[in-house]
Structures are given as C-alpha cells and as structure tokens.
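Summary of the model geometry
Take a look at the letters that make up each chain.
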Amino acid sequence: MRERASAAAVAVAVAVLHRIQPAAHRDAMASLGVNIDHIANVRQARRTVEPDPVSYALLAELGGADGITVHLREDRRHIQDRDVELLRQTVRSRLNLEMAATPEMEAIALRLRPDMVTLVPEKRQEVTTEGGLDVAGQLSGLTGLVGRLQEAGIGVSLFVDAERNQLEACRASGARWVELHTGTYAEASWVEQPLELARLTEGSFIARSLGLRVNAGHGLTYQNVEPVAAIEGMEELNIGHTIVARALAVGLEEAVRQMKALVQNPRRDPLFGSTSS
Ligand code: PXP
C-alpha cells in the first residue's frame, strides 16, 4: 500500500492546483456531502440492524453524493463505532467525520483516518447541533488537536457561526476549512432570511480572505438551499435531514439526485421571492 503523502507535500500540490485552475472553474459549483445520521436514527429507534447506514451510503453515492458525512456522538444516539469503521472501508467518495473535540474522538479519528474531520460542539441534551463551535474561546486546545489531525493527513474543518472573531480564530488554529453554521438562516422567517443570507455571504468572504476554504450546513432543505449554494466560493454543503425525509417518498438515490441538481445549479438571484426586496 502507498504511504500517505506528508501534509507539507499535499499543501504544495493544492497550491499548484489552485494556481493552474482558472478561478472561474474553482468557483463554479458547490459539492454535496450527504449526512446519513438519520438513517441510523431509524435503526436505533428499535436497537435493531436495519436500516443499515453503511448500505445507504452506497445509494447516496450512486445518487451523486460527493461525500458521506456522519456524526459519531459521545452518547452514540445514532451512528455507532461499527458504522464508521465500515464506512471507512466502503465509502468511495469522501468520508467526513463530525465529532466533538474530545480525547476519545481524537483517538478514533487518528485510528480510522477519515478524509475530513469536522469539529462540532456537542451537548448531551440537544436534539441536534445547536450552534457553531466557540473556537475563539478554546483556541489553544483546538490548535493542538487541529495540528495532530492534520499531521496525520486528515483535513480539518471547524463548524462555526459566520462571525469575524470566530473565523479569525479558525485561521489562528491552523485549520484549512470552516463549515458555516446555516441553522439560523434555515430557521429565520421569510422576511429575515435575506439578512441571515447576507451574514453567511459576508462570512464566506471573510473566511476566504483569511485563506480558509468554506463549507456550510445544518438545517438546509430543498426549499432554502439554493441561495446558500450560490454564495461565491462555497465548496461543499453538508445536508442530511431533508434528504432522508424525501427518501421516504422517492428513495435515497433519487432524493440525493434532486438535491445535487439544486446545489450544482442554484438560481442566481439570492433573494428570489423575497418580499423585502
Ligand atoms: N453540518 C453539521 C456540522 C451538522 O452537525 C449537521 C447535523 O448533524 C449537518 C451539517 C446536517 O444538518 P441537517 O441534518 O439539518 O441537514
């Protein structure tokens, strides 16, 4: 088996690719990471063996998923260790492991080596992730973790709110990616959505001007995804619940195909349909 390239060699290769690819191509379209936690939720509701998220990851890839995302939570409420182990062996796109910044999760990530780790805040009582990580408030601890993961050849993304101080802290941590928290945008009223979209757009601009690469996710749906997909420089959207919900009606492969079409070819007017414009 070939040795993994050193982090430094990879950084040089990425810099060369960025120089030779025309900017228009780099900015062309976001890719789609499909979060399959909710398939595991159905299984765990009965503590049984079906549906198996590992098999459904294959269907998501057949539908065009550019990556598979799972959140291994401390309380193991949906995704189990066994799922991540098998996905590491079977995913042919990219495996993105969402996890809390804890010693237990760090050990798992270093052993399984997903393609990307997205560090997220985690509270036991929450129904789902409630906000971005406070990177600024725990910079020294996170910097060490980011360094150890990247040294092992794992890309690191930090899930944060689109706020300048958090983005500057992300930059200071050494992480190369951020995932902008879109939950507030997703929950905003129809009237307030343009404001939240403007915050995300500015956040993307700030992040890129700091040299960070930008993903986004949380709460995105077939109805609200297009303006976010159209933000300049957006590289990947991580979307789960709405895709799994639609899969009940049309099957997962088709549900992913429909979302990918919106992500790749969003309407360009970011405020379409807005009553306030
Ligand atoms: N990104 C992050 C960091 C998340 O925690 C989640 C939810 O697990 C998602 C994206 C996907 O959110 P949703 O299921 O609402 O699409």
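Note that this is a predicted model, so its numbers are computed, not measured.

1. Brief notes about the nonpolar core
Among the nonpolar cores identified, the biggest contains 68 residues, and L119, L158, V178, V228, L237, I239 and I243 are the most heavily contacted of them. For this core, the leading source of residues is helix α13 (residues 252-264), giving five residues.

2. Quick notes on the confidence of the model for the chain
When the pLDDT values of the chain are averaged, the result is 91; 85% of them are 70 or greater. Of the regions scoring below 50 in pLDDT, residues 22-26 engages in two contacts with residues more than four places distant in sequence or in other chains.

3. Let's talk about the packing of helix α6 (residues 103-112) against helix α7 (residues 139-151)
Packing of α6 against α7 brings their axes to within 10 Å, and their N-to-C directions diverge by 15 degrees. In terms of orientation, α6 and α7 fall into the roughly parallel class. Seen from above, α6 lies across α7 with right-handed handedness. For the pair α6 and α7, contact is made by E106, A109 and L110 and by L145, R148 and L149, respectively. Grouping the amino acids of the contact of α6 with α7 by side-chain chemistry returns four nonpolar, no polar and two charged.

4. Examining the environment of L149
Note that L149 resides in helix α7. Residue classification places L149 among the buried positions, given a relative accessible area of 0%. Between the C-alpha atoms of L149 and L110, which are 39 residues apart in sequence, the distance is 6.8 Å. Excluding residues within four positions of it along the chain, L149 makes contact with M99, A109, L110, V117, I154 and V156.

5. Points about the pairing of strand β7 (residues 213-217)
Along β7, four of the five residues are buried, which leaves the element largely enclosed by surrounding structure. Pairing of strand β6 (residues 177-181) with β7 involves five bridges; the strand directions are parallel. Considered in β7, the bridge of L180 is made with A216. Bridging between β7 and strand β8 (residues 234-239) involves four bridges; their strand directions are parallel. By the bridge assignment for β8, G217 is matched with N238.

6. As for the packing of aromatic side chains
The geometry of an aromatic ring pair is captured by the separation of the ring centres together with the interplanar angle, meaning the angle of the planes. In the structure shown here, the tally under the stated rule is zero aromatic pairs. One cation-aromatic arrangement involves R246 over Y222; the distance from NZ or CZ to the ring centre is 3.6 Å.

7. A word on the side chain of T242
Here T242 shows up in helix α12 (residues 241-250). Here T242 falls in the buried class, since its relative accessible area comes to 12%. In this view, T242 contacts L220, T221, Y222 and M259; residues no more than four positions away in its chain are not counted.

Calculation rules
- Residues numbered from 1 in each chain as written.
- Predicted model: local features only at pLDDT ≥ 70, side-chain atom pairs only at ≥ 80, totals over all residues.
- Heavy atoms only, no water.
- Core = buried A, V, L, I, M, F, W, Y, C linked by side-chain atoms within 4.5 Å.
- Buried < 20%, exposed > 50% of the residue type's maximum accessible area, 1.4 Å probe, protein only.
- Helix = DSSP H or I, 4+ residues; strand = E, 2+ residues; numbered from the N terminus.
- pLDDT = per-residue confidence, 0-100.
- Contact = heavy atoms within 4.5 Å.
- Axes fitted to C-alpha atoms, helices over the stretch in contact; angles between N-to-C directions.
- Parallel < 35°, antiparallel > 145°, perpendicular 65-115°, else oblique.
- Left-handed = near helix turned anticlockwise from the far one by under 90°.
- Nonpolar A, V, L, I, M, F, W, Y, C, P; charged D, E, K, R; others polar.
- Pairing = 2+ DSSP bridges.
- Phe/Tyr/Trp six-rings, centres within 6.5 Å; stacked < 30°, edge-to-face > 60°.
- Lys NZ or Arg CZ within 6 Å of the ring centre and 35° of its normal.

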